[in-house]
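Residues per chain are reported as follows:
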Amino acid sequence: MENTNTTSALYVVATPLGNLDDITLRALATLRGAELIACEDTRHTRHLLDRHGIRAQLLAVHEHNESAAAEKLVAALREGRRVALVSDAGTPGISDPGARAVAAVRAAGFAVVPLPGPSAAVTALSASGLADARYLFAGFLPTKATARRAAIEELAAVPAALVFYEAPHRIEETVADLAALLEPGRTLVVARELTKLFEQIVAMPVAEGPAWLAADANRRRGEFVLIVSGPPPREGLDTATERVLKTLLAELPVKQAAKLAAEITGAAKNDLYRRALELKAV
Ligand code: SAM
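Residues numbered from 1 in each chain as written. Predicted model: local features only at pLDDT ≥ 70, side-chain atom pairs only at ≥ 80, totals over all residues. Heavy atoms only, no water.

Visitor: Residues and numbers for the pairing of strand 3 (residues 57-60), please.
Guide: Regular strands place side chains that alternate from one sheet face to the opposite one. Pairing analysis gives four bridges linking strand 2 (residues 36-39) to strand 3, with the strands arranged parallel. By the bridge assignment, Ile-37 is partnered in strand 3 with Leu-58. (Pairing = 2+ DSSP bridges. Helix = DSSP H or I, 4+ residues; strand = E, 2+ residues; numbered from the N terminus.)

In structure tokens, the structure reads:
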């Protein structure tokens, strides 16, 4: 195992999103040297390990047992065992279990060594063709409609492309909400089944997203990353509105200042919120 001179450490290993060849040489060497591999679904990870002839004890770590499993990982590290952490696909801790185990291991005084590799968000971004300089990884949106719409409204004015994960049974409602709540000309990139047989990456104005999905049932199948380009350039605020916003911003958090400035001046809340974020960043 690499870095064994750092004594015991937890190796956080990224694994393929679909194509089993998408695994680094370093990941294979590390998993081969591991005595204990913490994973989400032991059958899923066994399939990957079998393909590479790797035998190791597996420990299931999921949402519901992560704290208890973290203690077992720490105990194994104390015994001097070589321990790795993987998830079902991609990078552990990214919309996946792992964060609590990593925190517990570090709190117990052991090093955490990340092995970079696939992550669906970065994979989709690399083929999106979007030129935004900034990206905000939003992960999964809330499943309840009201909370999901509130989350989209909160993100609408953020001056960055937005990256979401979505499951097939919610793809239509999520794309419908994005189309209803974001400026219609923003570009939506749908990245489906990345690295798999039916991989598909398409770009369209977000307003056209619902019709594109409705046109073919196959387009609603599989795993999805959705990326929406950043908001269009904002019209400048007039001097009086800008002064009100700056005055409120000196005393209040961004959201509250933008809301009150909208009530006082009648300017659009999204424009004020975006300008407030710019002013705060200076
Ligand atoms: N840890 C993973 C990563 O680093 O990307 C993400 C795990 S999260 C539980 C699973 C979600 O990631 C899926 O619902 C989908 O949104 C996205 N995803 C994973 N594999 C994908 C793929 N092959 N194509 C498109 N999206 C994928």
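Visitor: An account of the side chain of Glu-166 is needed here, citing residue identities and associated values.
Guide: Tracing the sequence through the fold places Glu-166 in strand 7 (residues 161-166). A distance of 2.7 Å separates polar atoms of two side chains, one belonging to Glu-166 and the other to Thr-174. When neighbours within four sequence positions are excluded, Glu-166 is seen to be in contact with Phe-140, Ile-171, Thr-174, Glu-223, Phe-224 and Leu-226. (Polar contact = N/O pair within 3.5 Å; in protein donor to acceptor, adjacent residues only side chain to side chain. Contact = heavy atoms within 4.5 Å.)

Visitor: Give a description of the packing of helix 3 (residues 66-78) against helix 4 (residues 99-107) that names residues and reports values.
Guide: With their axes 9 Å apart at the nearest point, helix 3 and helix 4 run at an angle of 40° to one another. Considering the angle they form, helix 3 stands oblique to helix 4. Crossing of helix 3 against helix 4: the hand is right-handed. Note on element contacts: helix 4 touches helix 3 through Ala-99, Arg-100, Ala-101, Ala-104 and Val-105, opposite Glu-66, Ser-67, Ala-70, Leu-73, Val-74 and Leu-77. Among the residues making up the contact of helix 3 with helix 4, the classes are represented as eight nonpolar, one polar and two charged. (Axes fitted to C-alpha atoms, helices over the stretch in contact; angles between N-to-C directions. Parallel < 35°, antiparallel > 145°, perpendicular 65-115°, else oblique. Left-handed = near helix turned anticlockwise from the far one by under 90°. Nonpolar A, V, L, I, M, F, W, Y, C, P; charged D, E, K, R; others polar.)

Visitor: A description of the site of the ligand should follow, citing residues and the corresponding values.
Guide: Near the ligand lie 19 residues; those nearest to it are Asp-96, Ser-119, Ala-120, Tyr-165 and Phe-224. Between the ligand and the protein, one listed contact pairs a nitrogen atom with a backbone N or O atom of Ile-94 at 2.8 Å. Tyr-165 places a side-chain nitrogen or oxygen 2.7 Å from an oxygen atom of the ligand. Contact with the protein chains covers 91% of the free accessible surface of the ligand, which is 570 Å². Of all the secondary structure elements, the ones that give two or more residues to the shell around the ligand are strand 7 and strand 10 (224-228). Its residues assigned to classes, the shell around the ligand comprises 10 nonpolar, four polar and five charged. Taken domain by domain, the shell around the ligand gets at least three of its residues from each of domain 1 (5-118) and domain 2 (135-153 + 161-228). (Near = heavy atom within 4 Å. Areas by Shrake-Rupley, 256 points an atom, 1.4 Å probe, with all protein chains shown as cover. Domains from an automatic or database assignment.)

Visitor: Describe helix 3, naming the residues involved and giving the relevant values.
Guide: For helix 3, which comprises 13 residues, the first-to-last C-alpha distance of 18 Å matches the rise-based estimate of 18 Å (1.5 Å per residue) to within 8%. Considering only its buried residues, helix 3 is in contact with strand 1 (9-13), strand 2, strand 3, strand 4 (83-85) and helix 4. (Expected span 1.5 Å × (residues − 1).)

Visitor: Please set out the nonpolar core residue by residue, giving values where relevant.
Guide: Phe-164, Leu-178, Leu-188, Val-190 and Leu-226 are the most contacted members of the largest nonpolar core, which has 22 residues in total. Looking at this core, the elements that each hand over two or more residues are helix 6 (145-156), strand 7, helix 7 (171-181), strand 8 (187-192), helix 8 (209-214) and strand 10. If near-sequence neighbours (up to four positions away) are discounted, Leu-188 is found in contact with Val-175, Val-202, Ala-203, Met-204, Pro-205, Val-206, Gly-209, Leu-226, Ile-227 and Val-228. (Core = buried A, V, L, I, M, F, W, Y, C linked by side-chain atoms within 4.5 Å. Buried < 20%, exposed > 50% of the residue type's maximum accessible area, 1.4 Å probe, protein only.)

Visitor: So what about the pattern of salt bridges? Which residues, and what values?
Guide: Side chains carrying opposite charge are able to pair once their charged atoms draw close together. Within this structure, the stated rule accounts for 17 salt bridges. Close ionic contact of Lys-255 with Glu-154 constitutes a salt bridge, the shortest N to O distance being 3.8 Å. Of this pair, Lys-255 sits in helix 10 (residues 254-265) while Glu-154 is found in helix 6, placing the two residues 101 residues apart along the sequence. Overall, the relative accessible area of 42% leaves Glu-154 in the partly exposed class. Overlapping salt bridges bring together Arg-148, Arg-149, Glu-173 and Asp-177 as one network. (Salt bridge = Lys/Arg side-chain N within 4 Å of Asp/Glu carboxyl O.)

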